[in-house]
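# Per-entry structural report
If you want the building blocks of each chain, they are given just below.
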Amino acid sequence: CCQVMANPVLRDGKVMGAVVVILDITEREERENLRREFTANVSHELKTPLTSISGFAEIIQNGIVKQEDIPRFAGNIYLESQRLISLVDDILNLSRLDEGEVPLKWEAINLLALAEDVAARLKSTAKKNGVVLTVSGERTEISGVRSIVDEMVYNLCDNAVKYNRKNGRISIAVQKTAEGVSLTVADTGIGIPTADLDRVFERFYRVDKSHSKEIGGTGLGLSIVKHGAAYHNARVTLESTEGVGTAVTLIFPNIPT
Ligand code: ADP
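The sections below set out a description of the structure shown in this document. Just so it is clear, the structure is predicted and the values come from calculations on it, not from any experiment.

## Some points on the pattern of salt bridges
Under the definition given, this model contains 11 salt bridges. One salt bridge in this structure joins K105 and E107, with 3.6 Å as the shortest N-O distance. On the basis of relative accessibility, which here comes to 54%, the residue K105 falls in the exposed class. Take E107: its relative accessible area is 24%, and that puts it in the partly exposed class. The closest approach of N and O atoms between R139 and E116, which form a salt bridge, is 3.7 Å.

Below is the structure:
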């Protein structure tokens, strides 16, 4: 676990003693391993859409594709590029949190107003699947960095839309509790199998890779939620039943009075 460094202390050329420094390198090694794993995952995740983009573009360029198939190929290139953009956005957000390089503009945030704003942005996507979104609760303020809290709430609501069933429901509720201000996003979606519950907050972890690809996940959304929560001293809980739905709650500390 440890790295021991011994430096001799000299006086008039004679060794008088030694200064021994014991460093705990476990944490450093763990961080290094995580970084290596993350880089390997990122490279893999970036390479997949890039390979299809370059493949589709090459076929079009070579003139192998029939004229009437070109829009479909162009559509694939567009979708894969969109996937790359959201992946790069997520990676940048995560690394900003990791490095602690977040612009530290803490401010009072009305959590209910923020949730209403996120819901408005997702309404049309939800509507396409007949999913109804409702926001309710108290107009309560928390202290936080707006862009991060927005990203966290957006990711939770986006998941509730993506993993919902046709004509499902999503309720977002903001409440004042003794512990702090809570925001719960509950959906009537496909739920998460018990065996995967512990792992969904890991970077790039997806319960069903092929299904997630179809609906455009990066596997980084909940990881951003976890890191953002830690940044705000907030607590995250997740409850889910397969085939019934999922509820994720964030509890932010009360603003000291
Ligand atoms: P993704 O970009 O794939 O949605 P996340 O980190 O946000 O990545 O979520 C990780 C995985 O957890 C998802 O791929 C999905 O399998 C599962 N998941 C997250 N939220 C929900 C939800 N509300 N309902 C069902 N499954 C979910």
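Next, the rest of the story.
## Description of the side chain of N110
Here N110 is to be found in strand β3 (residues 106-110). Here the side chain of N110 touches L112 through a polar contact of 3.1 Å, landing on its backbone nitrogen. Among the polar contacts listed, one links the side chain of N110 to the backbone nitrogen of A113, at a separation of 3.1 Å. Residues in contact with N110, not counting those within four places in the same chain, are R139, T140 and E141.

## Concerning the packing of helix α1 (residues 26-62) against helix α2 (residues 70-99)
Relative to each other, α1 and α2 sit at 160 degrees, their axes nearing to 9 Å. Between α1 and α2, the angle is such that the two are roughly antiparallel. In the crossing of α1 with α2, the sense of the turn from one axis to the other is left-handed. For the contact of α1 with α2, the per-class residue count stands at 18 nonpolar, 4 polar and 5 charged.

## Overview of the site of the ligand
As a structural note, the neighbourhood of the ligand is formed by 19 residues, with N159, Y163, D187, T218 and L222 the closest of them. A distance of 3.0 Å is found between an oxygen atom of the ligand and a side-chain nitrogen or oxygen belonging to K162. Contacts to the ligand include T218, whose backbone N or O atom sits 2.7 Å from an oxygen atom. Here the ligand is seated within the largest pocket. For the shell around the ligand, the residue count by class is 8 nonpolar, 8 polar and 3 charged.

## Brief notes about the layout of surface pockets
Computed from the structure, the largest pocket encloses a volume of approximately 1200 Å³. Lining of the largest pocket is provided by 49 residues; of these, N159, K162, Y163, G216 and G217 occupy positions nearest its centre. Ranked by residues supplied to the lining of the largest pocket, first place goes to α2 with 11 residues. Looking at the lining of the largest pocket residue by residue, the class counts come to 20 nonpolar, 16 polar and 13 charged. Of the pockets and cavities examined, the second largest pocket occupies roughly 570 Å³. L34, R35, F38, D98 and R203 are the residues nearest the centre of the second largest pocket, which is lined by 20 residues in total.

How each quantity is defined
- Residues numbered from 1 in each chain as written.
- Predicted model: local features only at pLDDT ≥ 70, side-chain atom pairs only at ≥ 80, totals over all residues.
- Heavy atoms only, no water.
- Salt bridge = Lys/Arg side-chain N within 4 Å of Asp/Glu carboxyl O.
- Buried < 20%, exposed > 50% of the residue type's maximum accessible area, 1.4 Å probe, protein only.
- Helix = DSSP H or I, 4+ residues; strand = E, 2+ residues; numbered from the N terminus.
- Polar contact = N/O pair within 3.5 Å; in protein donor to acceptor, adjacent residues only side chain to side chain.
- Contact = heavy atoms within 4.5 Å.
- Axes fitted to C-alpha atoms, helices over the stretch in contact; angles between N-to-C directions.
- Parallel < 35°, antiparallel > 145°, perpendicular 65-115°, else oblique.
- Left-handed = near helix turned anticlockwise from the far one by under 90°.
- Nonpolar A, V, L, I, M, F, W, Y, C, P; charged D, E, K, R; others polar.
- Near = heavy atom within 4 Å.
- 1 Å grid on protein atoms, 1.4 Å probe; cavity = no way out; pocket = protein on both sides within 12 Å on 5 of 7 lines; lining within 4 Å.
- Sits in = over half its atoms within 2 Å of the grid points.
- Points joined across faces, edges and corners; volume = space filled by probe spheres on them.

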